[in-house]
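A look at the structure
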Amino acid sequence: MATGAAPARFHRAFFVGALTIVAVLALWWVATTGTRWLNPLRLPAPSEVWAALQQILDRGYAGATLWQHAMHSLGLVARGFAVAIVTGIPLGLLMGWSRRAEALINPIFLLLRPIPALAWIPLAIVWFGLGDTGKVFVIWLTAFVPAVINAFTGVRNVDPVLIAAARTQGASTAQVIRHVVIPGSMPLIFTGLRLSLQASWTTLVAAELVGAFFGLGRVLNIAGQDIFPGMIIVGMVAVAVCGAATTWLLGLLERRVLNWRQAI
Amino acid sequence: MANRNFLGPAGTVLGVVEFWLLTLAGFTLFFGGWMLVAWSGLMPANLLPSPLAVWETLVRLWNQPFAGHVYAEHLTASIGRFLMGWAIAVAIGIPLGLLMGWYRILDEIITPLFDSIRFVAPLAWVPLAALWFGTGIGGPLLIIFVGSFAPCLISAYRGARLVEPRLVEAAQTMGASGRRIIQHVLVPGAMPSIISGLRVSAGLGWQSLVGSELIVVGAGLGYLMVQGQGNLATNIVIAGMVGIGVVGFAIDVALRGVEAWFKRRWGQT
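Residues numbered from 1 in each chain as written. Chains lettered and ligands numbered in written order. Predicted model: local features only at pLDDT ≥ 70, side-chain atom pairs only at ≥ 80, totals over all residues.

**Looking at the overall build of chain B**
Each helix and strand counted, chain B has 9 helices and 0 strands in total. For a compact globule of 269 residues, the expected C-alpha radius of gyration is about 18 Å, and chain B comes in at 24 Å, more than 25% above that figure. Each of the three principal axes of chain B carries a C-alpha extent, and together these read 75 × 60 × 30 Å. Relative to its 269 residues, chain B shows a buried fraction of 41%. (Helix = DSSP H or I, 4+ residues; strand = E, 2+ residues; numbered from the N terminus. Rg over C-alpha atoms; globule rule 2.2 N^0.38 Å. Buried ≥ 20, exposed ≤ 12 C-beta atoms within 10 Å, placed from the backbone.)

**Side note on the overall build of chain A**
Broken down by element type, chain A carries 11 helices and 0 strands. Listed by position from the N terminus, the elements making up chain A come as α-α-α-α-α-α-α-α-α-α-α. Relative to its length of 264 residues, chain A is extended, with a C-alpha radius of gyration of 23 Å against a globular reference of 18 Å. Referenced to the eigenvectors of the C-alpha coordinate spread, the extents of chain A come out at roughly 75 × 60 × 30 Å. Looking at chain A as a whole, 42% of its 264 residues qualify as buried. Of the contacts made within chain A by residues no fewer than 6 positions apart, 71% connect residues no fewer than 24 positions apart. (Contact = placed C-beta atoms within 7 Å.)

**Focus on the packing of helix α3 (residues 66-97) of chain A against helix α6 (residues 132-156) of chain A**
Residues and elements named next belong to chain A. As a packed pair, α3 and α6 sit with axes 6 Å apart at the nearest point and diverge in direction by 30 degrees. With respect to α6, the axis of α3 lies roughly parallel. Here the hand of the crossing between α3 and α6 comes out right-handed. In terms of residue class, the contact of α3 with α6 is made up of 22 nonpolar, 7 polar and 4 charged. (Axes fitted to C-alpha atoms, helices over the stretch in contact; angles between N-to-C directions. Parallel < 35°, antiparallel > 145°, perpendicular 65-115°, else oblique. Left-handed = near helix turned anticlockwise from the far one by under 90°. Nonpolar A, V, L, I, M, F, W, Y, C, P; charged D, E, K, R; others polar.)

**Thoughts on helix α5 (residues 121-128) of chain A**
Among the 8 residues in α5(A), 6 count as buried, and that is most of the element. For α5(A), the complete set of buried residues consists of A:Ile121, A:Pro122, A:Leu123, A:Ala124, A:Ile125 and A:Val126. Where the residues of α5(A) are buried, they touch α6 and α8 (173-210) of chain A together with α7 (178-215), α8 (221-230) and α9 (234-266) of chain B. Looking one or two residues past α5(A), A:Gly129 carries a phi angle of roughly 80 degrees, positive in sign.

**Section: the interface of chain B and chain A**
On the side of chain A, 57 residues touch chain B, which itself brings 59 residues to the contact. Every element with two or more residues in the side of chain B that touches chain A is listed here: α1 (16-39), α4 (104-118), α5 (126-162), α7, α8 and α9 of chain B. With 9 residues, α9(B) is the single largest residue contributor to the side of chain B that touches chain A. Within the side of chain B that touches chain A, the residues separate by chemical class into 42 nonpolar, 13 polar and 4 charged.

**Let's talk about the nonpolar core**
Counting residues in hydrophobic clusters, the biggest one holds 137 residues, and the most contacted among them are A:Ile121, A:Val205, A:Val239, B:Ala124, B:Trp125 and B:Val126. In terms of residues, this core owes the most to one element, α5(B), which gives 19 residues. Contact partners of B:Trp125, with chain neighbours within four places excluded, come to B:Val120, B:Leu142, B:Ile143 and B:Val146. (Core = buried A, V, L, I, M, F, W, Y, C linked by C-beta atoms within 7 Å.)

**Focus on unusual backbone geometry**
For A:Ile227, which is not glycine, the phi dihedral falls at a positive 45 degrees. Inspection of the secondary structure puts A:Ile227 in the loop between α9 (216-225) and α10 (229-257). For A:Ile227, a count of 12 C-beta atoms within 10 Å translates into the label exposed. Unlike most non-glycine residues, B:Leu232 shows phi in positive territory, near 55 degrees. Looking at where B:Leu232 falls in the secondary structure, it is placed in the loop between α8 and α9.

**Things to note about the confidence of the model for chain B**
Residues and elements named next belong to chain B. The share of residues in chain B with pLDDT of 70 or more is 94%, and the mean pLDDT across the chain is 87. Helix α3 (residues 71-102) holds the highest mean pLDDT among the elements of chain B, 93, whereas helix α6 (residues 165-173) holds the lowest, 84. Under a pLDDT of 50 for its full length, residues 1-7 has, in the predicted model, 14 contacts with residues more than four places off or in other chains. On the interface metric, ipTM, the complex scores 0.85, and its pTM is 0.86. (pLDDT = per-residue confidence, 0-100.)

**Some remarks on the environment of B:Val237**
Relative to the helices and strands, B:Val237 is located in helix α9. If we skip the residues at most four places from it in the chain, B:Val237 touches A:Pro122, A:Leu123, A:Val126, B:Met225, B:Gly228 and B:Gln229.

**Concerning the packing of α5(B) against α7(B)**
Between two packed helices, both the angle of their axes relative to each other and the distance between the axes serve to describe the pair. Residue and element names in this part refer to chain B. Direction vectors running N to C along α5 and α7 enclose 155 degrees, while the axes themselves pass 7 Å from each other. Classified by the angle between their axes, α5 and α7 sit roughly antiparallel to one another. Crossing of α5 over α7 shows right-handed handedness. Grouping the constituent residues of the contact of α5 with α7 by class yields 21 nonpolar, 14 polar and 2 charged.

**Notes on the environment of B:Glu56**
Among the secondary structure elements, B:Glu56 is positioned in helix α2 (residues 51-63). In sequence terms B:Glu56 and B:Asn235 are 179 residues apart; their C-alpha atoms lie 9.0 Å from each other.

**Focus: the environment of B:Ala239**
Residue and element names in this part refer to chain B. Mapped onto the secondary structure, alanine 239 falls in helix α9. Placed 11 residues apart in sequence, alanine 239 and glycine 228 show a C-alpha to C-alpha distance of 9.5 Å. Excluding its chain neighbours within four sequence positions, the residues that come into contact with alanine 239 are Val54, Thr57, Leu58 and Leu61.

Listed below in structure tokens is the structure:
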């Protein structure tokens, strides 16, 4: 969050930040290995985390290697997210474009929106079992609502002058939607996607903790049952890395799609 | 926005009658569709009970204990747990965010730490929380705290950063002490951002509570749902979802009220 306005400021922030991280890591080592005043069952030593990482990379843990678990979780998030984009954005655009559609569909949202996606997990298990379908379903629910709402708000925030200008130039409705409304609502749509991507990971981890055969949540679950703190940390770091990686990918996509904004 | 009649259907202003008819149609579509699927046998009753069956279940759960408690006790257990975890997040996150906005060194120390754990999904803390604080009260509190902490911190930090530097300078020229500037310039200036952050964090905290109750707790709406799921009692699961939705909605409405009150009281934004 440190804004690097001037280069000197940036260097200083970087230096202090690096020092802090090093200090925390050193404190971790001292507390767990050097002095042993923290019970290793509460916080594992760095060496234990390293050993757990080696174990899950080479021999696997909870039925698969780290790579396989991570790919499985990534695949589920990608599928649920893709379905949410394909269904949510057109619906939001429609609701934004037509006040009639808004009045008709809004009540359904009013009823479903206050229920967090996590609360659908037990129902998803009854409906679809512990396999992949239920997880894709809850991730879809997580990302669907923000996708609809942001596409809707995005359309409503398009400058009416732009639409009127396109009309005066003789643009048809289809052309207005294609060339003015959709590009104009894109920035807000991406804001919604970024928020729901983080939420999707939370939902997936919860769903996998409740019951799954594979995935990072399963690793966390088994590690918790085995009281294997090193592996718990490995699982948490893996979740964070996957979340950061997907956010980064979405940022790349956003820059590519919103290319025209820099051109202006 | 309502009267901006520009060239497009988004500008058409619906008549009051048409608006309410369409809204009514929307509600009918939802409940009608649900009832139709339930009663036509398209989905068996043990997978999708009708709205009426859910209502009957709610009434029954209100009087007879399920999963150890009656419905109201599950409800209050969840709300109490949420309020505690959220209060801790607010009490730590907002002062810390303000101080980070005020003291540059604090910003530089905490930001990298915050950034490095920000991507750990709140629910991924569950096993560690159970290890540290047990599955009783402490574990779930940590999950709620982790879920709602980030928006508190970020909104207070942004709010403090957005305070007009000239106001701070003016106060300094008048000889105000650091403490007085924080109290009279920084906090009021950051308030709008803080209040919108509170709304976001309450929503996320409530969601984290539901998640933690699905996994580790022995009472509460989430636990009720898990027990219902274990018995393949979809009506109980949906009854739990209704309670979660109603409380989530109430929390949001309450904080919207605070936001509106604040705007009236302090003027703009």
